[in-house]
Amino acid sequence: MSFRKYFDSGLAIIFIVSLTLNMSTAFVPLATAGTTAPTHQCEKIRLTSIQHPSAFIFTALSSSAAHHDRIPIHDKYFSFDEMKAMEARLGNIEKEAPDMLTSFYEPHLKSFSVRPGSVQSISVTSTCFALQTIYSTGDCSMFSDSVDLNLKLQLATNSPTKSSKVPLRSVIKSLLRAHWREEDMFQVPLLLYTVLKIDSERSVLNKDMDEELVHRVKQLIAATLDNRPKRRSGLNQPLSDYILYLITDSLTELVQSTPTVNNGESNSISIELGGLPNSAVPEGATSLALLALTRSVEVSYNELCRQLAFRSAGDMTSFDIMRLAYSLLTYVRASSALTGTAGREVTRGGGPQPGTAVGPPNRRLIKAALAAFFEEQSSDGTWDKGQPIYKSFRRVGRDVGNAFVFVADTVGCLLGELPAEDFRPHLDGLYRLLSWIEQHQTVEFISDYCDPETTQCYGKPLRGWASPHMTSQAASPLAWSTAQTLTCVMRMRKVVKRLMHIDVLEEFGGITNKRAINLASWDRLLDTDLGDPTKDQRTLKDVLNERMIQPFISDATPGSICSVPKFGAYSAILFGPPGTAKSTVCEALAERMGWDFVVIDTASFLADGLTNVASRIRYIFARLQALNDCVILFDEIEEFCLDRETPSLGMESRMLTTAMLTAINDLRRSKKSIFFLATNRLRAFDSAIIRPGRFDLQLFVGTPNLDARVVQLRSQLASVPVQQIVKDEAEHAFRSYLSSVWNEDAMFFNYLEGLQFASACADIVAKGNDLTDESMSTILSAMKVVMTVRGAVREEYVASMGLTRL
């Protein structure tokens, strides 16, 4: 793999750097075109493998690359407790976000202003960044009291009362109708991305738009496409890397939100770019959008490699930290969007042109760039301002600080674009930025009333942040920089929480399903009846589907921009005789939901010895509360939840039960994961454990029900070489016979015993004999004398059937 040929100020530089794993050294010859290579550039760059989480970074064989005011990346490992403390600090800022953000909202403008009262026109930039902050939460409960998140058209009512909430639907329309200029390539892609992202279900951007809105959307798309990166511009792209990222971001959102319909074959046909009505999409926009993303990959990849080479060579005059960051972001965003496509067709009908396919992002290059970015962090937690947003701007009159990217925006974009694990080596850098954010929050009181008698003025507090690049009103919080900071904080908190989640899963041997829903295990799971089979009853899978699966995987309100608080069941006790697949039920449920899965058993609590169980309980539950979207199974932990009313129970056991009660209650209140307690001895538990409120459900897990038994026979007959009509007759006879003896013996077969019975019945059919009641009775008589659920166990089974609580 080689870099492209660059022409910069008459200097032709060919960078050839191998990024393959089996190459340890890459040479960078500096060929000249009428000039001499700068003496401060080194002649060789080594790609060195080091003992560092980033795996590989570029290092220069030159001492001039060192900077006294930069903080190198350390191998500092953040413990769980350190990450928890950091997450708590981020949470304290995040919970203030609604009040901070809405204080910039001006109802008469239907927009967020840079500073309330400062202008009488819509601030497109501030409003876009404010909406993106609201979207970044993903949790409607945070903004539900201050923002109307429903984008659906509301029917008019006779109620005279007006809501004080920010009307998101009206704000989006106001943005589109605002006085923005097509040639302003900062606002245009920012606005396009924002409205596409916020209105993901096209509650506003649909066929019911009026002509003005249709025209405005079409203008946004056309202007963004016209300013796409072009190969012929080479190194001299007319727009900054920051704006190229905004363009790429908006086009990616446009392409990825395009619905597809399956034509019955292996391929899919894209329709209506961005899910928008055809009238709002310029002609040929789909093809141009994909071409633009391809060019974005090329341009950003080349610039990213250039910046890494400049830095490695010690050429800090040519190196630009913001160009590095935003070429990285553009490269990741565009290449991820195109991964899986087969390339571009140059000649119609000729298929994709060789070499036009875009591969997945180069992970080693990404990690090297991210490491370089954090190594350039200043000691105060910020970065140099780097390339301005506009390549040319007036350096007098307006505050030139507006011309530079705010580092909170840069880091927030990186946090939102890259996997959480990429930031583990850089938690120290995020920690320093968090400290800067905490120290630079400012408060200003905006006057809205002055008493004519006392001349005392009163107003509301305006809290937030201003970019450190600003030269005037340095102490005044601004809407756009406050929104960018809050977005950065929210995304940083998500990353820290994700890293804690990963660590806890690894510590306790959990299974990650990577949010991939797998229906196979759930479909294979044999169902069981809840309650007395002689009465109308529900099944276990039916209840779990209704109370857990559907509420948690269908948590988006139609027309709303984010998920809603979940009202499903967060906890359940699964009880029943041994061998009824209680653990299998929990694992299958996790796969069905696409959630992670972890088992906590007796050994987990005894890991530090019998005398330290109480402290171990606190240790384990502190970590379990850090899990999100995870199914937790407490398997047979009765010894730590024994009935405190038992006279023979010692004081230590009573204290353990009390400690477990508190821990379970705290886990339930956190509402982050689902947890089950599986037991064979429900009656051994303390009454406080099983009372309503501690666990949402109490479900008896018995043996497979009649329908499940028929499924077992069907699976055994699948390989029997007989006609289907013979199999159907055998299945009918099997069901009829089991129904007649169900309450006597058949229902008490566990899974394996039921499988053995079905297999024996299938053997009869395979031999060409009819499956009769007599033959099945013979099999049943032989099996029931050794079946697991008999005698006292059966009595307990029957008594437990009525203890289910929904």
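Shown above is the structure to which this text applies.
How each quantity is defined
- Residues numbered from 1 in each chain as written.
- Predicted model: local features only at pLDDT ≥ 70, side-chain atom pairs only at ≥ 80, totals over all residues.
- Heavy atoms only, no water.
- Helix = DSSP H or I, 4+ residues; strand = E, 2+ residues; numbered from the N terminus.
- Buried < 20%, exposed > 50% of the residue type's maximum accessible area, 1.4 Å probe, protein only.
- Polar contact = N/O pair within 3.5 Å; in protein donor to acceptor, adjacent residues only side chain to side chain.
- Axes fitted to C-alpha atoms, helices over the stretch in contact; angles between N-to-C directions.
- Parallel < 35°, antiparallel > 145°, perpendicular 65-115°, else oblique.
- Left-handed = near helix turned anticlockwise from the far one by under 90°.
- Contact = heavy atoms within 4.5 Å.
- Nonpolar A, V, L, I, M, F, W, Y, C, P; charged D, E, K, R; others polar.
- Pairing = 2+ DSSP bridges.
- Right-handed = clockwise from strand over helix to strand, strands pointing away.
- Phe/Tyr/Trp six-rings, centres within 6.5 Å; stacked < 30°, edge-to-face > 60°.
- Lys NZ or Arg CZ within 6 Å of the ring centre and 35° of its normal.
- Core = buried A, V, L, I, M, F, W, Y, C linked by side-chain atoms within 4.5 Å.

*Asks:* So what's going on with the side chain of Ser-673? Which residues, and what values?
*Replies:* Position of Ser-673 among the secondary structure elements: in the loop between helix H20 (651-670) and strand E17 (674-679). For Ser-673, a relative accessible area of 6% puts it in the buried group. Within the structure, the side chain of Ser-673 is placed 3.2 Å from the backbone oxygen of Leu-627, a separation counted as a polar contact. Among the polar contacts listed, one links the side chain of Ser-673 to the backbone nitrogen of Cys-630, at a separation of 3.4 Å.

*Asks:* Tell me what's going on with the packing of helix H23 (residues 724-740) against helix H24 (residues 751-766), and back it up with residues and numbers.
*Replies:* At a minimum axis distance of 11 Å, the contact between H23 and H24 shows a crossing angle of 140 degrees. When the axes of H23 and H24 are compared, the pair comes out oblique. For the crossing formed where H23 meets H24, the hand is right-handed. On H24, the residues that touch Val-726, Ala-730, Phe-734, Tyr-737 and Leu-738 of H23 are Phe-757, Ala-758, Cys-761 and Val-765. Of the residues that constitute the contact of H23 with H24, the class distribution is 9 nonpolar, no polar and no charged.

*Asks:* Tell me about unusual backbone geometry, and name the residues and values.
*Replies:* Even without being glycine, Asp-629 reaches a positive phi, approximately 50 degrees. Here Asp-629 is to be found in the loop between helix H19 (613-624) and strand E16 (630-635). For Asp-629, a relative accessible area of 27% corresponds to the partly exposed category.

*Asks:* Before we move on, could you go through the pairing of E16 and cite the residues and values that matter?
*Replies:* Counting buried residues along E16, 5 of its 6 residues qualify, which places the element largely inside the surrounding structure. Here strand E15 (residues 596-601) runs beside E16; their pairing, made up of 6 bridges, is parallel. Residue pairing across strands places Ile-600 opposite Phe-634, the latter belonging to E16. The sheet contact formed by E16 and E17 spans 5 bridges and is parallel. The residue bridging Ile-632 from the neighbouring strand is Phe-675, located in E17. Read from E16 through H20 to E17, the crossover connection turns out right-handed.

*Asks:* Residues and numbers for the sheet that holds E17, please.
*Replies:* Taken together, the 5 strands give an open sheet; going across it, the order is E15-E16-E17-E14-E18, and neighbouring strands pair in parallel fashion. In the strand order of this sheet, the two ends are held by E15 and strand E18 (697-700), each with one partner. Going from strand to strand, the sheet's axes swing by 20 degrees on average, the running direction of each strand aside.

*Asks:* Residue-level account of the packing of aromatic side chains, with values.
*Replies:* Pairs of aromatic rings are described using the distance from one ring centre to the other and the angle between the two planes. In the structure shown here, the tally under the stated rule is 25 aromatic pairs. Relative to Tyr-331, the ring of Tyr-301 has its centre 5.6 Å away and its plane inclined at 45 degrees; by these criteria the two rings are tilted. Placement of Tyr-301 in helix H9 (residues 285-312) and of Tyr-331 in helix H10 (residues 321-338) is noted, with a sequence separation of 30 residues between them. As far as burial versus exposure is concerned, Tyr-301 and Tyr-331 are alike and both buried. Through pairs of rings, three or more aromatic residues link up here, namely Phe-605, Phe-621, Phe-634, Phe-640, Phe-675 and Phe-695. Note that Arg-89 overlies the ring of Tyr-431, its terminal NZ or CZ placed 4.8 Å from the centroid. Over the ring of Phe-404 we find Lys-385; its NZ or CZ atom is 4.5 Å from the centre of that ring.

*Asks:* Lay out the environment of Thr-482 in plain terms, naming residues and giving numbers.
*Replies:* Structurally, Thr-482 is set in helix H14 (residues 479-507). Sequence-wise, Thr-482 and Ala-466 are 16 residues apart; in three dimensions their C-alpha atoms are separated by 6.8 Å. When sequence neighbours within four positions are dropped, the list of residues in contact with Thr-482 reads Phe-104, Arg-463, Gly-464, Trp-465 and Pro-477. For Thr-482, the side chain forms a polar contact with the main-chain nitrogen of Trp-465, separated by 3.0 Å.

*Asks:* Run through the nonpolar core, naming residues and quoting values.
*Replies:* Within the largest apolar cluster, 196 residues are counted, with the highest numbers of intra-cluster contacts made by Phe-605, Phe-621, Ile-632, Phe-634 and Phe-757. Residue contributions to this core peak at 14 residues, all from H14. The contacts of Phe-757, once residues within four sequence positions are left out, are Phe-734, Tyr-737, Leu-738, Phe-749, Met-776, Ile-779, Leu-780 and Met-783. Leu-540, Val-585, Ile-674 and Leu-697 belong to the second largest nonpolar core, which has 29 residues in total.

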